[in-house]
Amino acid sequence: AILPLRFSRGCWWNRCAFCRGYSGTYDRAEPSFLVDQLLRLAGRTRAGSFILSDACLLPEVLYGFARLLTEGGSSFLWNAHFRFHPSLTLERVVLLRQAGCSRLFLGLEAFSDRLLTLMDKGITTELIDRNLRDLAWAGMDVFLYVIVGFPTETEEEAREGFRRLKRHLDEGLSATVQFNPFILFPDSPVGRAPEKYGIEEVLYDGREDLLAPARSYRGPGMTPSRAVELAGAFSRLLS
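Residues numbered from 1 in each chain as written. Predicted model: local features only at pLDDT ≥ 70, side-chain atom pairs only at ≥ 80, totals over all residues. Heavy atoms only, no water.

In space, the six strands of this open sheet follow the order S1-S2-S3-S4-S5-S6, with parallel pairing throughout. Two strands close off the open sheet at either side, each with one partner strand: strand S1 (2-5) and strand S6 (175-181). Neighbouring strand axes in the sheet, compared pairwise and without regard to direction, differ in orientation by 15° on average. Strand direction decides the pairing type here: strand S2 (residues 49-52) and strand S3 (residues 77-81), joined by four bridges, are parallel. Residue Leu 52 lies in a different strand from S3, and its bridge partner there is Ala 80. Sheet strands touched by helix H6 (residues 155-170): strand S4 (101-109), strand S5 (141-148) and S6. Its angle to S6, the strand with the most contacts, is close to 165°. Of the strands in this sheet, S5 and S6 touch helix H8 (residues 224-238), which is tilted by about 165° from S6. (Pairing = 2+ DSSP bridges. Helix = DSSP H or I, 4+ residues; strand = E, 2+ residues; numbered from the N terminus. Axes fitted to C-alpha atoms, helices over the stretch in contact; angles between N-to-C directions. Contact = heavy atoms within 4.5 Å.)

Right, let's get into the environment of Gly 139. By the element assignment, Gly 139 lies in the loop between helix H5 (125-137) and S5. Overall, the relative accessible area of 41% leaves Gly 139 in the partly exposed class. On a C-alpha basis, the gap between Gly 139 and Leu 116 in space is 26 Å, while along the polypeptide they are 23 residues apart. (Buried < 20%, exposed > 50% of the residue type's maximum accessible area, 1.4 Å probe, protein only.)

Turning our attention to the state of the cysteines. Counting across every chain of the model gives zero disulfides. Here Cys 11 stays unpaired: no disulfide links it, and the sulfur of Cys 56, its closest cysteine neighbor, is 5.4 Å away. Cys 16 forms no disulfide, and the closest cysteine sulfur to it belongs to Cys 19, at a distance of 6.3 Å. (Disulfide = S-S within 2.5 Å.)

Moving on, we get to the layout of surface pockets. Each pocket or cavity is described by its volume, and for the largest pocket that value is around 700 Å³. Along the wall of the largest pocket there are 31 residues; nearest its centre are Phe 18, Cys 19, Gly 107, Glu 109 and Tyr 145. Among the secondary structure elements, those contributing two or more residues to the lining of the largest pocket are S4, S5 and S6. The dominant element in the lining of the largest pocket, judged by the number of residues it contributes, is S4, at four residues. Residues belonging to the lining of the largest pocket are distributed by class as follows: 18 nonpolar, seven polar and six charged. (1 Å grid on protein atoms, 1.4 Å probe; cavity = no way out; pocket = protein on both sides within 12 Å on 5 of 7 lines; lining within 4 Å. Points joined across faces, edges and corners; volume = space filled by probe spheres on them. Nonpolar A, V, L, I, M, F, W, Y, C, P; charged D, E, K, R; others polar.)

Okay, here's the thing in structure tokens:
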């Protein structure tokens, strides 16, 4: 069994336009605290596998955690949620592998610089390409999240993004890819300022609570129904 653990509160990036976001300040844990807690929980549960399910670990926390595990000679298997980042070099991926990390969960979201900028992801396709090549070379398994139908995205942009990702898979990247049609939440940056993304006629169901997503909306790019169809088609092509 894999034991899920979360050692931080919030998200240190907290800018992605599609995300519902995290209220309050980001509260991080130090690498030494992560290691101490993991060892304590391992002794109590006898679990040998863990997933660090934080929204997104800070690079220095992730690498520091891995370094301490390596220096301590621990033999745990673990996964972690992270993001594409310039610090994720081949050397760092090798460090994570040596520390027992067997999979990284990464939000790719779109393989288009225009869309990544609109999403405020803070990454580029050049960085994604570089990170994916290093991950493949080091034999690190990854779980990738991809959004289909973000406002203004055309079907051709979505198909080109799929082709670029497929090339990495054909060249040896070990990855599970989850294609998700875009969902418009009222408390996301898109939901708070839909006009910025060309969205209008947003319809919410007033009978629902917990800030449920929009039932319908109109805007540039592919329609929500077409995004659902394409997300399903891409998933089938990789199955």
